[in-house]
Amino acid sequence: MQVVYSPAHLEHDPKTETVMGAAIPANEVGERVERIRAALVADGGFPTSAPTDHGTAPIAAVHDEGLIRFLGEAWSDLQTQGVRRDAVVAEGFNARALTEGMSVPPFEPGAISGRTGYWSFDTSTPIVAGTYAAARAAVDVALTAVDLVLGGETAAYGLCRPPGHHAARSAYGGYCFFNNAAIAAEAIVHATAERVAILDVDFHHGNGTQQIFWRRGDVLYASLHADPDRQYPFFLGRAVETGEGPGAGANLNLPLPAGTSDERYLAEMERALDAIVATPGSVIVVSLGFDTYRDDPLGDFTLTTGGYHEMGRRVAGLGRRLVILQEGGYFRPALGDNARAWLRGAEGRPMWTVAEGERPGTE
Ligand code: SP5
Ligand code: ZN
């Protein structure tokens, strides 16, 4: 399977994230992607290529122009306004309740700490000097994976970083700036006029992807994730959210309890796969997260490396072409094995053995 990778992700290098007011070491770091890349190179079955520049038009097909402009300007704003910080996080948020009952037009302030709050929804997604370049490159990685699949490949893996599925049309957050999977799905619809299914297997609900396609009947969004009653992103991801208007019935949320095992997960995934089978189309975009892993510091599921192999096998078993895009996954020591297992499963290759000359998996 072809892998698309860009070293530009390393330019997004936050040192901390703020959770409930406390600065903690950043979870979403460059080592994540470097671990995966190293494991796939060592495997030998995953030729890697660089992304090509797709410009901003495919991003503007999914995101508000104002968000794109803000992300492009945020770092220079910070310098111009004399704020001496190595990362910027909002000082306040544009919460809907502030203007409840008031017919005042939305107002984007000039001050960087307020402007940041206008376009974001959490404190754990710092913008640093290289964030925009990295986020643009992640989109190009996703779109190059789309090009490979539309060019005839059965599957391609875009090693995106920063991830994307939390980014909404007009807001960034959840370590995500541009919604790589949504941009990829929209590009596929544009190129093929076919319907597209997005299967989101990250631990967290892809609130951004859901929001972007909420009223769209031509893009199915199906997600398995931690129940938002107990886990981020909290405000979306419930089973009652099924889409509206032309998108009614084209959104499937499968919230799951703490402790969800391989067996439970794979059984639940059959419901998502059934929904995909019931939707015409030949391409699936997979939002692939490994924060469902048993040792993940953010997650509370108990999936194993073997579970990922089986997941990849079953998703590929639908017989559709796959654009597989990396989302979350924070237990760094196992990311390489987990990605390798999922992708080998999708190719119909077995799990590796010690006899292959590799170290055994972490199980
Ligand atoms: C793409 C993706 O996986 N984004 C996830 C964003 C989650 N942000 C909230 C982080 C909260 C960290 N809390 C650590 C608690 C450990 N028990
Ligand atoms: Zn996640």
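In what follows, the accompanying structure is described. (Residues numbered from 1 in each chain as written. Chains lettered and ligands numbered in written order. Predicted model: local features only at pLDDT ≥ 70, side-chain atom pairs only at ≥ 80, totals over all residues. Heavy atoms only, no water.)

1. Some words on the environment of Ala-258
Here's step 1: Tracing the sequence through the fold places Ala-258 in the loop between β8 (251-256) and α8 (262-277).
Here's step 2: Put simply, Ala-258 and Arg-195 are 63 residues apart on the chain and 33 Å apart in space, counted from C-alpha to C-alpha. (Helix = DSSP H or I, 4+ residues; strand = E, 2+ residues; numbered from the N terminus.)

2. Some words on the pairing of strand β5 (residues 155-158)
Here's step 1: Alternating positions in β5 separate into two faces, Ala-155 and Tyr-157 on one and Ala-156 and Gly-158 on the other, with burial throughout.
Here's step 2: Summarising the sheet, strand β1 (residues 2-4) and β5 pair through three bridges and their orientation is parallel. Bridged to Gln-2 within β5 is Ala-156.
Here's step 3: Pairing analysis gives four bridges linking β5 to strand β10 (residues 321-326), with the strands arranged parallel. Bridged to Ala-155 within β10 is Leu-322. (Buried < 20%, exposed > 50% of the residue type's maximum accessible area, 1.4 Å probe, protein only. Pairing = 2+ DSSP bridges.)

3. Focus on the coordination of the zinc ion (ligand 2)
Here's step 1: The coordination sphere of the zinc ion (ligand 2), as far as protein atoms go, consists of Asp-202 (OD), His-204 (ND1) and Asp-291 (OD), spread over 1.9 to 2.1 Å.
Here's step 2: Bound by four donor atoms, the zinc ion (ligand 2) shows angles of 97 to 139° at the metal and therefore irregular coordination geometry.
Here's step 3: Each donor residue of the zinc ion (ligand 2) belongs to the same chain, and together they define the spacing D-x1-H-x86-D. With His-204 in the loop between β6 (196-200) and α7 (207-212) and Asp-291 in the loop between β9 (283-288) and α9 (305-316), this residue pair connects regions lying 87 residues apart in the sequence. Considered together, His-204 and Asp-291 belong to a single accessibility category, that of buried residues. (Donors = N, O, S within 2.8 Å, 3.2 Å for Na, K, Ca; no water. Tetrahedral: all angles 85-135°; square planar, octahedral: opposite > 155°, others 65-115°.)

4. A closer look at the sheet that holds β8
Here's step 1: Strand order in the open sheet made by the eight strands is β4-β1-β5-β10-β9-β6-β7-β8, with parallel pairing throughout. One side of each edge strand has no neighbouring strand; the edge strands of this open sheet are β4 (48-49) and β8.
Here's step 2: Pairing analysis gives five bridges linking β6 to β9, with the strands arranged parallel. By the bridge assignment, Val-196 is partnered in β9 with Val-283.
Here's step 3: The sheet strands contacting helix α5 (residues 131-150) are β1, β5, β9 and β10, and the helix crosses β10 at an angle near 165°. (Contact = heavy atoms within 4.5 Å. Axes fitted to C-alpha atoms, helices over the stretch in contact; angles between N-to-C directions.)

5. Examining α8
Here's step 1: Over its 16 residues, α8 runs 22 Å from end to end, which matches the ideal 22 Å to within 8%, given 1.5 Å per residue.
Here's step 2: Where α8 is concerned, the buried positions are Asp-262, Tyr-265, Leu-266, Glu-268, Met-269, Ala-272, Leu-273 and Ile-276. (Expected span 1.5 Å × (residues − 1).)

6. Some details on the packing of helix α3 (residues 65-80) against helix α4 (residues 112-119)
Here's step 1: At a minimum axis distance of 11 Å, the contact between α3 and α4 shows a crossing angle of 155°. Relative to α4, α3 is oriented roughly antiparallel. Relative to α4, α3 is oriented so that their crossing is left-handed. The segment α3 lies against α4, with Gly-66, Leu-67, Arg-69, Phe-70, Glu-73, Ala-74, Asp-77 and Leu-78 engaging Ile-112, Arg-115, Thr-116 and Trp-119.
Here's step 2: Tallied by class, the residues present in the contact of α3 with α4 amount to six nonpolar, two polar and four charged. (Parallel < 35°, antiparallel > 145°, perpendicular 65-115°, else oblique. Left-handed = near helix turned anticlockwise from the far one by under 90°. Nonpolar A, V, L, I, M, F, W, Y, C, P; charged D, E, K, R; others polar.)

On their own, these measurements won't tell you what the molecule is for.
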